[in-house]
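Geometric and topological summary
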Amino acid sequence: MNKEIHIAETEWKVMEILWAKPMLTIGEIKEALSDSDWSDSTIKTLVRRLCKKGALGIDDSKGQFLYYPLVNENECKLKETKNLINRIYNGSVKMLMANLASESKLTDEETKKLMDIIDKMEGGGDK
């Protein structure tokens, strides 16, 4: 992503809809979010906010406003993942994976293989 765009948790729902199917009207976005219990004004506010941030674009060439993502889904997910790891685990993928592995049903061998991969990723080896 060219610029730093922070997408709030509620805004992710709008982005996911438009990543899956770009070029939707506000009505179609509202319909896709019908199970959210959000008011029409809340959805309009989220869309407006995402446009202002530069995450969404508007095409009005066909006489109606069609919204589409300006940011790549995978890049946004990667950025948010890195932010989470930095904020919660002080930038350590190893700490994150160790925490997840301790709560999973991995065998001891699978856990060791996973930790070996992470050590290599982090340039470690401090086993």
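Above this text sits the structure in question.
Now for a description of the structure that goes with this document. (Residues numbered from 1 in each chain as written. Predicted model: local features only at pLDDT ≥ 70, side-chain atom pairs only at ≥ 80, totals over all residues. Heavy atoms only, no water.)

1. Focus on the pattern of salt bridges
Just so we agree on the cut-off: Salt bridge, as used here, is a side-chain nitrogen of Lys or Arg placed within 4 Å of a carboxyl oxygen of Asp or Glu. Strands are runs of DSSP state E lasting at least two residues, helices are runs of H or I lasting at least four, and both sets are numbered from the N terminus onward. Accessibility here uses a 1.4 Å probe with only protein chains present; expressed as a share of the type maximum, an area under 20% marks a residue as buried, one over 50% as exposed, and anything in between as partly exposed.
What the rule picks out here adds up to 7 salt bridges. K30 is the partner of D40 in a salt bridge, and the nearest nitrogen-oxygen pair spans 3.7 Å. Of this pair, D40 sits in helix α3 (residues 40-53) while K30 sits in helix α2 (residues 26-32); the two residues are 10 residues apart in sequence, bridging distant segments of the chain. For D40, a relative accessible area of 44% corresponds to the partly exposed category. In this structure, K79 engages E80 in a salt bridge whose closest nitrogen and oxygen atoms are separated by 3.6 Å. Of the residues examined, K79 reaches a relative accessible area of 12% and is grouped as buried.

2. Brief notes about the nonpolar core
Convention followed: Here, nonpolar core means buried Ala, Val, Leu, Ile, Met, Phe, Trp, Tyr and Cys residues that are tied together by side-chain atoms lying within 4.5 Å of each other. Contacts between residues were defined by any pair of non-hydrogen atoms, one from each residue, lying within 4.5 Å.
Ranked by size, the top nonpolar core spans 20 residues in total, and within it I7, V14, M15, I29 and V71 carry the most contacts. Here the element with the most residues in this core is helix α1 (residues 9-20); it accounts for 6 residues. Setting aside residues no more than four positions away along its own chain, M15 makes contact with I7, L50, A55, L56, P69 and V71.

3. A short note on the environment of A8
With respect to the helices, strands and loops of the structure, A8 is situated in the segment before α1. Each C-alpha atom of the pair A8 and I117 lies 31 Å from the other, and the pair is 109 residues apart in sequence.

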